[in-house]
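Structural overview
If you want the building blocks of each chain, they are given just below.
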Amino acid sequence: MTAPAFDLEAAAGAVEAVVAAISEADFDRRTPSEITVRDMLVHVVGFTEAFRQGATKEMIGRSQPPAPGAGTLPEDWRDRISVQLKALVAAWREPAAWSGETEVGGVLGPAQQMAMFALDELVIHGWDLARATGQSYDPSPADLAVLLGMLRDTPREGIPGLFGPVVDIPAEAPLFDRVLGLTGRDPSWTRD
């Protein structure tokens, strides 16, 4: 068994707080990812469950890539996201989640790498939702250090399907700004 390298609780809690403050009036706002808040919430519902299943390894050989298009936001989206975030955190606290390989969204890879992708999804899409809805957002420095380590070698052109082209951020900029830039996001992005 491999001990968990980091915990997802802080990142999941930050996303839960942002989601709790979103109203239906926010649904059509654009996010820094260039999709609507509604579509980002659909994505959050999907990835929280997919990465929980990645931790339990229950879908190896059976997971599917996300369907094109956003899909439908369930009526119980706020409660569902909260429950799924807690389940995601609990699943990745199990040492067995961190060993060997697992599969998420049709992609097979090392479990530790999938945990980093789960952290990235939480932190970056939490920021997307916070920015689009005018909320403050302050991820933990420990989470940002993990993400910087994962992202520091991102190619300038980005990684299609994962990260857009790198946005140049000065080396002396705050850590979160540098992480955002490596995912193809402009830290100065503001909503309309």
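The preceding data block contains the structure.
Given the structure is predicted, the values throughout are model-derived calculations rather than measurements.

**A look at the nonpolar core**
Residues Leu8, Leu41, Trp92, Leu122, Val123, Leu129 and Phe176 are the most contacted members of the largest nonpolar core, which totals 52 residues. Looking at this core, the elements with two or more residues in it are helix H1 (9-20), helix H2 (37-56), helix H3 (77-92), helix H4 (111-132), helix H5 (141-151) and helix H6 (175-182). Looking at this core element by element, the count peaks at 11 residues for H4.

**Focus: H6**
All of the buried residues in H6 are Phe176, Val179, Leu180, Gly181 and Leu182. In this fold, the buried residues of H6 make contact with H4 and H5.

**Observations regarding the pattern of salt bridges**
Across all of its chains, the model carries 10 salt bridges by this definition. Residue Arg29 pairs with Asp26 through a salt bridge whose shortest N-O separation is 3.3 Å. By relative accessible area, which is 30% here, Arg29 ends up partly exposed. Take Asp26: its relative accessible area is 10%, and that puts it in the buried class. Sharing partners across several salt bridges, the network here consists of Asp7, Glu9 and Arg93.

**Thoughts on the packing of aromatic side chains**
Per the counting criterion, the structure on display carries four aromatic pairs. Judged by centre distance (5.5 Å) and plane angle (80°), the rings of Trp92 and Trp98 are edge-to-face. What makes Trp98 buried here is its relative accessible area of 2%. Consider the rings of Tyr137 and Phe176, whose centres lie 6.2 Å apart with planes at 45°: the pair is tilted. Taken together, the positions of Tyr137 in the loop between H4 and H5 and Phe176 in helix H6 put the pair 39 residues apart, joining distant regions of the chain. Of the residues examined, Tyr137 reaches a relative accessible area of 14% and is grouped as buried.

About the criteria used
- Residues numbered from 1 in each chain as written.
- Predicted model: local features only at pLDDT ≥ 70, side-chain atom pairs only at ≥ 80, totals over all residues.
- Heavy atoms only, no water.
- Core = buried A, V, L, I, M, F, W, Y, C linked by side-chain atoms within 4.5 Å.
- Buried < 20%, exposed > 50% of the residue type's maximum accessible area, 1.4 Å probe, protein only.
- Helix = DSSP H or I, 4+ residues; strand = E, 2+ residues; numbered from the N terminus.
- Contact = heavy atoms within 4.5 Å.
- Salt bridge = Lys/Arg side-chain N within 4 Å of Asp/Glu carboxyl O.
- Phe/Tyr/Trp six-rings, centres within 6.5 Å; stacked < 30°, edge-to-face > 60°.

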